[in-house]
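Inside the fold
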Amino acid sequence: MASMVANGNRDGRQGEALVLKGVDPETCMIVFKNHWAQVVKILEKHDPLRSNTSSNMAALGVIGLSSGGPMRFGGPIPGDEASAVQNYVEHILFLLMEEDAGQAGAMGPILEFVVMENVMERLFLWSLRRQFTDDMKLEQLKMYEMIVGQARQPLLHHKPVLRPLMMLLSSCSGTAGPEVEAELVSLLNQLCCVLAKDQSVLELFFHTSEDQGAANFLIFSLLIPFIHREGLVGQQARDALLLIMSLSAENQRVAQHIAENTYFCPVLATGLSGLYSSLPTKLEVPGEEWHCLHREDWLQMPTLVQFLNSLEFCNAVIQVAHPNIRDQLVSYIYNGFLVPVLAPALHKPTLEEVMTTTAYLDLFVRSVSEPVLLQTFLSFILLHRHENVHILDTLVSRINTPFQLGTVSLALFQTLIGLYCEDVMLQLILRYLIPCNHMMLSQRRVVKERDFYSVSAAKILALTPSCCSPEHSPPPLRQLDSILWSKGTDNSPNTGTMETEETFLEEDGSGYSCVIGSEIYLDVNYLHYLYNARLGISSCTRACQVWSAPYDGEDPPPEESHPHPRPRPPCPPQTTDPAPTNQLELEWDDSYDAGPVVSPEAATAESSKPPQLPAAEPPKHIQEMRRTAIMLVKGSYIEESDFQDDVMVYDLVAKKDARDTVTKGSKEVKAHVADHNSNLQSPLAEVGDDLMGQYEELIRTLGSDEAGTGGSSPVKTVDKEFRNPVVTPMEEDEVDFSSFSMDTPELEKQHSSLFGTKLCSGSTRSHSVPFTGPFVSVLLSRLENMLDNSLHVNLLLTGILAQLAAYPQPLLQSFLLNTNMVFQPSVRSLYQVLASLKNQIEQQASTKKDFPKLITSAQHCLLARESSLKGQDSRECSPLEAGRMMKSSPPPQPKTISLARTEVFATVLFTEFLKELAAIAQEHSILSHVPMEE
Amino acid sequence: TYLNDFWEKGRSDGEEQSGEQQQQRASPARPSFGKKQLPSIPKNAVPITKPASPAATAQLANGTHASYGPFYLEYSLLAEFTLVIKQKLPGIYVQPSYKSALMWFGVIFIRHGLYQDGVFKFTVYIPDNYPDGECPRVVFDIPVFHPLVDPVSGELDVRRAFTKWRRNHNHIWQVLMYARTVFYKINTMEPLNPEAAVLYDKDVQLFKSKVVDSVKLCNSHLFDQPKMDDPYAISFSSWNPAIHDEAKERMFSHKRRPEDHQKGLPVSGLSWVKPGSTQPFSKDDNPPLS
């Protein structure tokens, strides 16, 4: 026996256990006592007090704990004695572990002895008496981990076991080496497992803590510093904390303690901030196509992985913890991370930084699953104002920026729309549609009407450009197969037989066959669109069952929501912002409510005065924004042209930055702008084929003019000249916009605000003016530029629009898909934009001889791309979606056509988009009107 | 398969619980949906033997209508069918055929009046230029003795009620409703069965006894094989507790607690909007953020 035990090191325990079985308990007890007697001899020999150890133990313990340094009582302990004790201890602990509980849960004799003799305390004191080094701590920790984890009877119920354990634990708090930390966390984790299984121990832990004079829940407090640790230690600590969290859900006392007496929630939330600050402020973007952080992207970034781990932990805590803890944590995340850290990060000075933050935000929203935490993020996005501008408005305005910021912003909105969240949809779109201002009064009853005969689908599909019509492209490119629809009925009731002379018969085992022949060409591809539309609408409809209202033009009622004040943010507006001092500023500041419309005269008068800066200067950011706003105050965001202008201004800035000196033939600028306006009125009319080109040239001309006369920045003048004609409703007022140029910010200054928060959405306008909201406007204006957009932008755009179209709310459906609906003249509809695109395409097709060939190449290229994407990702099912799921790796470059031929790719995509929309419209006609049932 | 899904629903929503049980044949297995494989829709599809309507074709240029026309027709009929379900017509059941969406099988249960206890199977034929053609036709499997039912073909005179079929105004459920009404309100004007009309006007007692005979005749053929060889044709079998008890139980229990049924579904949508409000995060139970 002795030799067997002596062999045993910790790794060999399992083997020994087998051997020990069957050894009778009395023998074990004898061996135990024997070994303990040997230990006691050595212990007493070195006991400086040589008195009753247990009575003084606590005092010694406290001294030992507080210093934590080397402690000696009496002379140094000889090494051989130390190792002898070590040996005996191993043996007795082993015997303790292997002992079975007595009858009816009573202690086994060995445990009873351990408790009576205070074995564990004395051993702990012994280790204090020697040098209490990391090694010593490690040894003790391992000892406890072993007996707690492997004992066959509950040990922690007994104070003589628990107390020295608590002393050991508290001695390990604070600074210790990584090995000790790892072991400590591992032991804590184990203790939490015991707690989770046996809650009666919990009380003991609390009591023991009180004995120690510290009213804290020690194992919990010890874990907190490891919350954000990376690697195994952090993971174990978080797992252990989660166990306690789920315990808190049932135990009010634990919950209260954590919420009131610990720094758990603040540590978690501020930890997020800390980890966030170590993330790269600028991402290395793999390619132009890149628009969001995929898993394979962030797995390459250790700091981001770490952040996401902590975020995931917060998510898990919120999921399992007591509501008190949950609410506290959510509040800290909002006020300790989102508002002070993420909001400023979304307003960093460079495009790349802002783009990066947006991509992070998108990733975070996608990573969070717990509704309460998601709500925190969403209310930050939807309601928080940073320097008096809603985050949402800023984000929406950025959709219109060139470069990747626009694409990344689009991707963020794709994520948001995909949440099926009423609050998001309300803020983005529905609140603008509820008043039903966008349609003619007589049309309100049409909102809920269903399209029985696929009229809208037919109208949408009739926009298919002639060069892409189904007959024109040969199979297999268009994935057309000809299906002969079976002649089930013909005209007479009794001739219900199928014709069988066709080329291909497909038996499905039922005796009924599907006849495929050559009689009618059907776009088989379209069946897939229908199938996807059905899936999309069904899941969306099911998800929207939790919504508060049907949004059908009656509920919520159009009248009540008419004034529609902007909801207040959860935090009071910042007091550092001065009160508005003049009417223009008032206009700007109140813009989020239904502010009064400034008369053009007043606007001119006010703005021609030197700006009256209040005593306390508003933040620079706000100042610049305000300046931009003043410039735009008249013409800003009138439905038809506003966002179009934005695109051009952004592009302008971009081009200027790039020192791109493209020269084009000159044209009369004003004529062009006027053209542009009239085109917007009637979308079917010609829209300038190369607005950007003309715009560049405009700058050039004006720039040189200015150089002759005074040499101010060309951009100012452009703004001046350009904006003037665009202010359609105000044109008669002959506003002298040149007066604004005095206050026009320099290009550099303007630059920072341009991709920031220029937008003031549906606010500078009076609410009586029909407006479908900035988000819809910005989407449609980007869509209108489809022919100039890169492929991936168009994929995102059409994806978002299809996503929106799948929503079952009649207000949304009728606005996007009902081609029979009559809207107010100033309201631009999706169908109008599509019709205008079709005309642009037809024009291109008629002027470019090789257009059909290019179309075919582009189709080939897209098909190849789709199948290559399919290979990468197996969960794809839709033809177009496959294309949408763009990966960071560049697609196989087509041999015959360059992706720069955006108009060609856009044409192909446009055709597919029509099918997608038509399919959605058709499915709505049968799905949205049937009560959901599975 | 759409139609079939709706049918399942339509059946369970119905109120009819007569002694007989309708029984469908098991639906034939459909091939699973795969990318390059033709899905099952064409099988339910309808023939296009002539343009839907000259006007529509002319208006829709560049061939999109030729390619998509069948889809429009299919979905128009699906929409009609969803409307029928919504109406919950008492005592009427319909089921589109497997072969064509233009042919619907139906059965009508008459609960009171002269034709009480009558169970009449019929077929609805929808013109293939629907909704621009004439009104759908209703033909009873067995010509029931009725002034408006042709004693030879079994066709009901529907056209008198829908002289001109108007899209958006007329719907197939109205035809079915009409088919039901004729058994409760007898009209003898311009009859297809003059004998029945004359008897009703001149000798109601004889008319009644003829009706009783006709009802008996129809009911005696109830368990016959369906006239049409179609997997979705409606066929009846006599009560078999082993099969029908369980089905009945399911139908009743399902009807009683549709809410519970829905509660079980995991819902992925989110809303923090208080009902009646149009403000985001207006619900009271939102955790405070500041």
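Note that the structure is predicted; figures quoted are calculated from it, not measured. (Residues numbered from 1 in each chain as written. Chains lettered and ligands numbered in written order. Predicted model: local features only at pLDDT ≥ 70, side-chain atom pairs only at ≥ 80, totals over all residues. Heavy atoms only, no water.)

1. Side note on the overall build of chain B
Counting its secondary structure elements, chain B contains nine helices and seven strands. Put simply, of all contacts in chain B between residues at least 6 apart along the chain, 61% involve residues at least 24 apart. With an accessible surface of roughly 13,100 Å², chain B has 54% of that area assigned to carbon and sulfur atoms. (Helix = DSSP H or I, 4+ residues; strand = E, 2+ residues; numbered from the N terminus. Contact = heavy atoms within 4.5 Å. Areas by Shrake-Rupley, 256 points an atom, 1.4 Å probe, with all protein chains shown as cover.)

2. With respect to the nonpolar core
Across soluble globular proteins, you tend to see nonpolar side chains buried next to one another. Leu169, Phe264, Phe364 and Phe775 of chain A are the most contacted members of the largest nonpolar core, which has 298 residues in total. Counting residues per element, this core draws most heavily on helix 41 (residues 902-927) of chain A, which supplies 15 residues. Setting aside chain neighbours within four positions, we find Phe364 of chain A in contact with Tyr276, Leu279, Leu304, Phe307, Leu308, Leu311, Phe337, Leu342 and Phe377 of chain A. Grouped together as the second largest cluster of nonpolar side chains are 13 residues, Met103, Phe109, Met228 and Ala233 of chain B included. (Core = buried A, V, L, I, M, F, W, Y, C linked by side-chain atoms within 4.5 Å. Buried < 20%, exposed > 50% of the residue type's maximum accessible area, 1.4 Å probe, protein only.)

3. Observations regarding the UniProt feature "domain: UBC core" (unreviewed entry) in chain B
If you check UniProt for "domain: UBC core" (unreviewed entry), the listed places come out as residues 72-220 of chain B in our numbering. As annotated, residues 72-220 of chain B comprises 35% helix and 17% strand, and the C-alpha atoms at either end are separated by 40 Å. (UniProt positions renumbered as here; feature names shortened; annotations may be inferred.)

4. Some thoughts on unusual backbone geometry
Here the amide bond leading from Asp555 of chain A into Pro556 of chain A is cis, since omega sits at 0°, within 30 degrees of zero. Along the chain, Pro556 of chain A turns up in the loop between helix 25 (524-543) and helix 26 (583-589). Of the consecutive residues Tyr130 of chain B and Pro131 of chain B, the connecting peptide bond is found in the cis state with omega at 0°. Mapped onto the elements, Pro131 of chain B comes out in the loop between strand 4 (119-125) and strand 5 (137-140). Despite not being glycine, Tyr551 of chain A shows a phi value in the positive range, around 50°. Here Tyr551 of chain A shows up in the loop between helix 25 and helix 26. Not every positive phi belongs to a glycine, and Asp117 of chain B is a case in point at roughly 75°. Checked against the element boundaries, Asp117 of chain B lands in the loop between strand 3 (103-109) and strand 4.

5. Quick word on the packing of helix 35 (residues 774-784) of chain A against helix 38 (residues 830-847) of chain A
Residues and elements named next belong to chain A. Where helix 35 contacts helix 38, the two axes come as close as 9 Å, and the packing angle between them is 10°. On the basis of the axis angle, helix 35 is roughly parallel to helix 38. Note on element contacts: helix 38 touches helix 35 through Leu830, Val833, Leu834, Ser836, Leu837 and Gln840, opposite Leu780, Leu783 and Glu784. Of the residues assigned to the contact of helix 35 with helix 38, the class counts are six nonpolar, two polar and one charged. (Axes fitted to C-alpha atoms, helices over the stretch in contact; angles between N-to-C directions. Parallel < 35°, antiparallel > 145°, perpendicular 65-115°, else oblique. Nonpolar A, V, L, I, M, F, W, Y, C, P; charged D, E, K, R; others polar.)

6. Considering the packing of aromatic side chains
Residue and element names in this part refer to chain B. All told, the structure shown has 39 aromatic pairs over all chains when counted by the stated rule. When the centroid spacing of 5.6 Å and the interplanar angle of 45° are considered together, the rings of Phe145 and Phe207 count as tilted. One end of the pair, Phe145, is in the loop between strand 5 and strand 6 (155-156); the other, Phe207, is in helix 7 (residues 204-220), and 62 residues separate them in sequence. Taken as a pair, Phe145 and Phe207 share a single burial class, namely buried. Relative to Tyr178, the ring of Phe162 lies with its centre 6.4 Å away and its plane at 80°, an arrangement referred to as edge-to-face. Of this pair, Phe162 sits in the loop between strand 6 and helix 5 (172-181) while Tyr178 sits in helix 5, placing them 16 residues apart in sequence. Take Tyr178: its relative accessible area is 15%, and that puts it in the buried class. (Phe/Tyr/Trp six-rings, centres within 6.5 Å; stacked < 30°, edge-to-face > 60°.)

7. Focus: the packing of helix 20 (residues 371-383) of chain A against helix 23 (residues 422-433) of chain A
Helix packing for two helices is described by the angle between their axes and how far apart those axes are. Residue and element names in this part refer to chain A. Two elements in contact, helix 20 and helix 23, have axes separated by 10 Å at closest approach and are oriented at 10°. Considering their axes alone, helix 20 and helix 23 lie roughly parallel with respect to each other. On helix 23, the residues that touch Leu378, Leu382 and Leu383 of helix 20 are Asp423, Val424 and Gln427. Its residues assigned to classes, the contact of helix 20 with helix 23 shows four nonpolar, one polar and one charged.

8. Considering the sheet that holds strand 4 of chain B
Residue and element names in this part refer to chain B. Read across the open sheet, the five strands follow the order 2-3-4-5-6; overall the sheet is antiparallel. Strands with a single pairing partner mark the edges of an open sheet, and in this sheet they are strand 2 (92-96) and strand 6. Bridge count for strand 2 against strand 3 is five bridges, and the pairing is antiparallel. Residue pairing in the sheet places Gln95 in a bridge with Phe105 of strand 3. Contacts from helix 5 reach strand 2, strand 3, strand 4, strand 5 and strand 6, with the element oriented near 140° to strand 2. (Pairing = 2+ DSSP bridges.)

9. Points about the pattern of salt bridges
Residues and elements named next belong to chain A. Applying the stated criterion across every chain, the model contains 25 salt bridges over all chains. Two residues, Glu98 and Arg152, come together in a salt bridge whose shortest N-O distance is 2.6 Å. Here Glu98, found in helix 5 (residues 79-98), pairs with Arg152, found in the loop between helix 8 (134-150) and helix 9 (159-172); they are 54 residues apart in sequence, far enough to count as distant. The class for Arg152 is partly exposed, based on a relative accessible area of 35%. Here Lys915 makes a salt bridge to Glu912, at a shortest N to O gap of 3.1 Å. Taken together, the residues Lys915 and Glu912, both in helix 41 and three residues apart, mark about one turn of the helix. You'll find Lys915 and Glu912 in the same group, each marked buried. Each of Glu44, Glu117 and Arg122 takes part in a single network of salt bridges with overlapping partners. (Salt bridge = Lys/Arg side-chain N within 4 Å of Asp/Glu carboxyl O.)

10. Digging into the confidence of the model for chain A
Residues and elements named next belong to chain A. Taken residue by residue, chain A gives an average pLDDT of 70. The fraction at 70 or more is 62%. This model gives residues 51-73 a pLDDT under 50, and the stretch forms 37 contacts once residues within four places in sequence are excluded. Contacts for the low-pLDDT stretch residues 873-894, under 50 throughout, to residues beyond four places or in other chains number 49 contacts. (pLDDT = per-residue confidence, 0-100.)

11. Let's talk about the side chain of Gln306 of chain A
By the element assignment, Gln306 of chain A lies in helix 17 (residues 302-320). The residues touching Gln306 of chain A, leaving out its near neighbours within four places in the chain, are His228, Arg229, Glu230 and Leu275 of chain A.

12. Topic: the environment of Glu912 of chain A
Taking the relative accessible area as the measure of exposure, Glu912 of chain A reaches 16% and is therefore buried. One polar contact links Glu912 of chain A to Asn525 of chain A, side chain to side chain, over a distance of 3.1 Å. (Polar contact = N/O pair within 3.5 Å; in protein donor to acceptor, adjacent residues only side chain to side chain.)

13. Digging into the environment of Lys202 of chain B
Residue and element names in this part refer to chain B. Position of Lys202 among the secondary structure elements: in helix 6 (residues 194-202). Judged by relative accessible area, which is 71%, Lys202 ranks as exposed. Along the chain, Lys202 and Ser235 lie 33 residues apart, while their C-alpha atoms are 37 Å from each other.

14. Notes on the pairing of strand 4 of chain B
Residue and element names in this part refer to chain B. A large share of strand 4 lies buried, amounting to seven of its seven residues. Of the two faces of strand 4, the one lined by Val119, Lys121, Thr123 and Tyr125 and the one lined by Phe120, Phe122 and Val124 are each fully buried. Here strand 3 runs beside strand 4; their pairing, made up of seven bridges, is antiparallel. Bridge pairing in strand 4 links Ile108 to Phe120.

15. Points about the pairing of strand 5 of chain B
All names here are of chain B. Taken together, the four bridges between strand 4 and strand 5 define a ladder with antiparallel strand orientation. If you follow Val124 over to strand 5, its bridge partner there is Val138. Here strand 5 runs beside strand 6; their pairing, made up of two bridges, is antiparallel. Across the sheet, the residue bridging to Val138 is Leu156, located in strand 6.

16. A few points about the confidence of the model for chain B
All names here are of chain B. Scored by pLDDT, chain B has a mean of 77; 71% of the residues are at 70 or more. Between residues 1-62, whose pLDDT stays under 50, and residues either more than four places distant or in other chains, the model counts 172 contacts. At the level of chain-chain contacts, confidence expressed as ipTM amounts to 0.79, with global pTM at 0.71.

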